[in-house]
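Fold and contact review
What follows is the residue order along each chain.
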Amino acid sequence: MRKRDEVENWAVDRAQQILMREGMDLALSARDFDSNTIRAKGKLLAMAIAASLLEASAVAAE
């Protein structure tokens, strides 16, 4: 049970980091109506989410 709590806390912290960094960048791009930057920042957000899922699956496998 303790390991599960650690993983849940890690997931919450990681999600907050992603939203503060990539999410904020995407929001600012949307505010500026720059479609190229929106696309690029959206891709970075998706990549950060994918990387965190891979990281989580590695932790879960331990």
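The sections below set out a description of the structure shown in this document. Because the structure is a prediction, the values reported are computed rather than measured. (Residues numbered from 1 in each chain as written. Predicted model: local features only at pLDDT ≥ 70, side-chain atom pairs only at ≥ 80, totals over all residues. Heavy atoms only, no water.)

Focus: the overall build of the protein chain
In terms of regular secondary structure, the protein chain is built from two helices and zero strands. Compactness check: the protein chain gives a C-alpha radius of gyration of 14 Å against a globular reference of 11 Å for 62 residues, more than 25% above the reference. When the backbone C-alpha atoms are referred to their principal axes, the protein chain occupies close to 45 × 15 × 10 Å. Of the accessible surface of the protein chain, which amounts to about 4,900 Å², a share of 62% is contributed by carbon and sulfur atoms. Each charge sign in the protein chain was given a centre, from 9 positive and 10 negative side chains, and these centres are 4 Å apart. (Helix = DSSP H or I, 4+ residues; strand = E, 2+ residues; numbered from the N terminus. Rg over C-alpha atoms; globule rule 2.2 N^0.38 Å. Areas by Shrake-Rupley, 256 points an atom, 1.4 Å probe, with all protein chains shown as cover. Lys, Arg positive; Asp, Glu negative; His and termini not counted. Charge placed at Lys NZ, Arg CZ, Asp CG, Glu CD.)

Observations regarding the pattern of salt bridges
Here the structure, examined in full by the defined rule, presents four salt bridges. A salt bridge links R14 to E55; its shortest N-O distance comes to 3.6 Å. Here the residue R14 occupies a position in helix 1 (residues 2–31), and E55 occupies one in helix 2 (residues 35–61), the gap between them amounting to 41 residues. Taking relative accessible area as the criterion, R14 reaches 16% and is therefore assigned buried. A salt bridge links R21 to E22, with the shortest nitrogen-to-oxygen separation between them at 2.9 Å. (Salt bridge = Lys/Arg side-chain N within 4 Å of Asp/Glu carboxyl O. Buried < 20%, exposed > 50% of the residue type's maximum accessible area, 1.4 Å probe, protein only.)

Some thoughts on unusual backbone geometry
Even without being a glycine, F33 presents a positive backbone phi close to 55°. Topologically, F33 is positioned in the loop between helix 1 and helix 2.

Remember, this is a structural readout, not a statement about activity or role.
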